[in-house]
Amino acid sequence: MNRTLLIAANWKMNSPPEGAFSKGSPYVPYEGIDVLVFPTFLYLKQSLDAGICTGGQYGHPDSHGAHTGDISIAMLKEIGCTHVLCGHSERRQGHGETNEDVSRQAQAALDLGLHPVICIGETAKQREAGEAESTVHTQLSALPLHSDITIAYEPIWAIGTGNTATPELAQTMHAFIRSLLPDQSREKIRILYGGSMKPENAEELLLKEDIDGGLIGGASLKPDEFATIVSIASSL
Ligand code: 13P
């Protein structure tokens, strides 16, 4: 595998962890791997000023207009962001984002030169019904898969629950996802795993062939734990 590992922190609707923007921050670029942070909109500027590779947790595909409460991908670009998260399950569930909405966001990001990190993943119910693969297949089919994007496989049953997917299950899903990518981008697109990744399980997950990094929620809010995961990733 010659894909550089990417360790991304999704702080969700939380304040930045203590020391995140100070000297010695574990969120700044690290040798040998890519490190990326998704803070709330309020902290994008501070994050960028601290030298952190920064993305928005969401961006509206229209550049401006009557969308109360939203921020556009164009605005993320204007402030200096290089990345945007698209279709996190908490946005799909809490804000009714559809596969088509997510695809529009990803395409708008690409048009503006921002890199979309696009989340897919099944619910526990879908997995129990044997629909995990068909669910991610449907989510993927809407996406601009020929482009320079990152995919994050985040099984919803593993998010914030402590129930991490086993490395074997995650690898099986990642390999399945990769098999659905077009020939030209199959080996280039990074597929991150997200769902209760922590220092205790990061190494065995990241060692899997088709797992190219992590999208980390809870553990990314603890600077020590995040630093440990970054250091594990850079040692692999
Ligand atoms: P946790 O790491 O808290 O399970 O969250 C994963 C996630 O949703 C990252 O986007």
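All residue numbers refer to positions counted from 1 along the written sequence of the respective chain. Predicted model: local features are reported for residues with pLDDT of at least 70 only, side-chain atom pairs are reported and counted for 80 or more only, and whole-chain, interface and lining totals are derived from all residues. Excluded from the side-chain calculation are hydrogens and water; included are all heavy atoms of the structure.

Caption draft 1: Region of interest: unusual backbone geometry. Its identity as a non-glycine residue notwithstanding, Lys12 has a phi of 50°, on the positive side. Locating Lys12 in the fold gives a position in the loop between strand 1 (6-10) and strand 2 (34-38). In this model, Ser196 sits at a positive phi of 60°, which is unusual for a non-glycine residue. Strands here mean DSSP runs of E at least two residues long; helices mean DSSP runs of H or I at least four residues long; both are numbered from the N terminus. Mapped onto the elements, Ser196 comes out in the loop between strand 7 (190-193) and helix 9 (199-206). Under the scheme applied here, a residue whose accessible area is under 20% of the maximum for its type counts as buried, over 50% as exposed, and between as partly exposed, the area being computed with a 1.4 Å probe on protein chains only. Among the residues examined, Ser196 registers a relative accessible area of 16% and is labelled buried.

Caption draft 2: Representation of the layout of surface pockets. For each structure, a 1 Å grid was placed over the protein atoms alone; sets of points admitting a 1.4 Å probe that cannot get out are labelled cavities, open sets with protein on both sides within 12 Å along at least five of seven lines are labelled pockets, and lining residues have an atom within 4 Å of a point. Grid points are joined across faces, edges and corners, and a volume is the space filled by probe spheres set on the points. The computed volume of the largest pocket comes to approximately 380 Å³. Forming the boundary of the largest pocket are 15 residues, of which Met13, Gln57, Tyr58, Arg91 and His95 lie nearest the centre. Three classes are used: nonpolar for Ala, Val, Leu, Ile, Met, Phe, Trp, Tyr, Cys and Pro, charged for Asp, Glu, Lys and Arg, and polar for all others, with Gly counted as polar. Its residues assigned to classes, the lining of the largest pocket shows 5 nonpolar, 6 polar and 4 charged. If you trace the second largest pocket, you find 21 residues lining it, with Ser196, Met197, Gly217, Gly218 and Ala219 closest to the centre. Across the lining of the second largest pocket, the residue classes break down as 5 nonpolar, 10 polar and 6 charged.

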